[in-house]
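Fold and geometry: a report
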Amino acid sequence: MGNKQVKQHFETAKKTGVLKISLLRLDEFPSALKTFPNVLKTLDISENRFTVLPEDVAKFTLLKHLNASGNKIAIVPECIGVLVKLETLNMMNNLLTSVPRSLASCTHLKQVILSNNQITAFPVVFCELKQLDLLDLSRNKITEVPPEVKSLQVTELNLNQNQITIVAEEIANCGKLKTLRLEENCLQIAAIHPRILIESKVCNLCVDGNLFNSKQFTEVQGYDAYMERYTAVRKKIS
């Protein structure tokens, strides 16, 4: 894409508040962003070759939607916490090993997608976000779901294709959690605590591809209570 077209993207963005510069093989932020006015509400830098999320992004304090998926980003700077209006954050298909503590300041976050990264520990910072509805941490290297998860406010938590062996029973305390995806992990049947089946609000528990079979799952204490919730939801849908 030529400079003329890039310039046109920037001119349009000044009017619309939407800047999409994806699929351009960029490995550094265009210099024009350093002097760009603080009008952006949507920034899409997906499918490029960025290795860091530039600190320049912090100047766009009106930003609601940030898509940096499909890059080679290993670190998210702490300054991302100043983006207090942020509602969606998509950084799937990168090289992240962790997320900054400052994300706790992004209190309007509703959707966070961090699938296919290198994250090894469950990012408990997301347990502080009261408006978060969807958290996708699938295809990472997480080994444990810690007790802090009890404070999560999400309705859907996707942990498919990790290396999880432990799920804290406190996950049953998540008052809004309806869909819990744990497929293709390293769970033994004993890791499915009866409290999750009996006390939680989870009505869609996906556990295929672990170290137990479906018959063992049906024999876990509380399975009938879980199936009642599952069936009730299916009836509503149909």
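It should be noted that the structure appears before, not after, this text.
Now for a quick tour of the structure. (Residues numbered from 1 in each chain as written. Predicted model: local features only at pLDDT ≥ 70, side-chain atom pairs only at ≥ 80, totals over all residues. Heavy atoms only, no water.)

Next up on the list: the sheet that holds strand S1 (residues 18-20). Pairing is parallel across the open sheet formed by nine strands, whose spatial order is S1-S2-S3-S4-S5-S6-S8-S10-S11. The open sheet has two edge strands, S1 and strand S11 (204-206), and neither has a second partner. Averaged over all adjacent pairs, the angle separating strand axes in this sheet is 5°, with direction ignored. Both strand S2 (residues 42-44) and strand S3 (residues 65-67) contribute to a ladder of three bridges, which runs parallel. Bridge assignment links Leu-43 to a residue of S3, and that residue is Leu-66. (Pairing = 2+ DSSP bridges. Helix = DSSP H or I, 4+ residues; strand = E, 2+ residues; numbered from the N terminus. Axes fitted to C-alpha atoms, helices over the stretch in contact; angles between N-to-C directions.)

What follows is about unusual backbone geometry. A positive phi is found at Asn-116, a non-glycine position, where the angle reads about 60°. On the secondary structure map, Asn-116 appears in the loop between strand S5 (111-113) and strand S6 (134-136). With phi around 55°, Glu-184 is a residue other than glycine that occupies positive phi space. In this fold, Glu-184 is placed in the loop between strand S10 (179-181) and helix H2 (194-198).

All right, on to the side chain of Asp-44 then. With respect to the element layout, Asp-44 can be found in strand S2. Comment: no salt bridge for buried Asp-44; closest opposite-charge side chain is Lys-20, at 4.3 Å. Within the structure, Asp-44 has its side chain in polar contact with the side chain of Ser-46 (distance 2.7 Å). With sequence-adjacent residues up to four places away left out, Asp-44 is seen in contact with Leu-19, Lys-20, Ile-21, Ser-22 and Asn-67. (Buried < 20%, exposed > 50% of the residue type's maximum accessible area, 1.4 Å probe, protein only. Lys, Arg positive; Asp, Glu negative; His and termini not counted. Salt bridge = Lys/Arg side-chain N within 4 Å of Asp/Glu carboxyl O. Polar contact = N/O pair within 3.5 Å; in protein donor to acceptor, adjacent residues only side chain to side chain. Contact = heavy atoms within 4.5 Å.)

Another point: the packing of aromatic side chains. Within the structure shown, the criterion is met by eight aromatic pairs. Judged by centre distance (5.6 Å) and plane angle (65°), the ring pair of Phe-10 and Phe-36 falls under edge-to-face. Note that Phe-10 is positioned in helix H1 (residues 3-16) and Phe-36 in the loop between S1 and S2, a separation of 26 residues in sequence. Each member of the pair Phe-10 and Phe-36 is classed as buried. Aromatic pair Phe-212 and Phe-217: ring centres 6.4 Å apart, planes at 40°, arrangement tilted. Across this residue pair, the class does not change: Phe-212 and Phe-217 are buried. (Phe/Tyr/Trp six-rings, centres within 6.5 Å; stacked < 30°, edge-to-face > 60°.)

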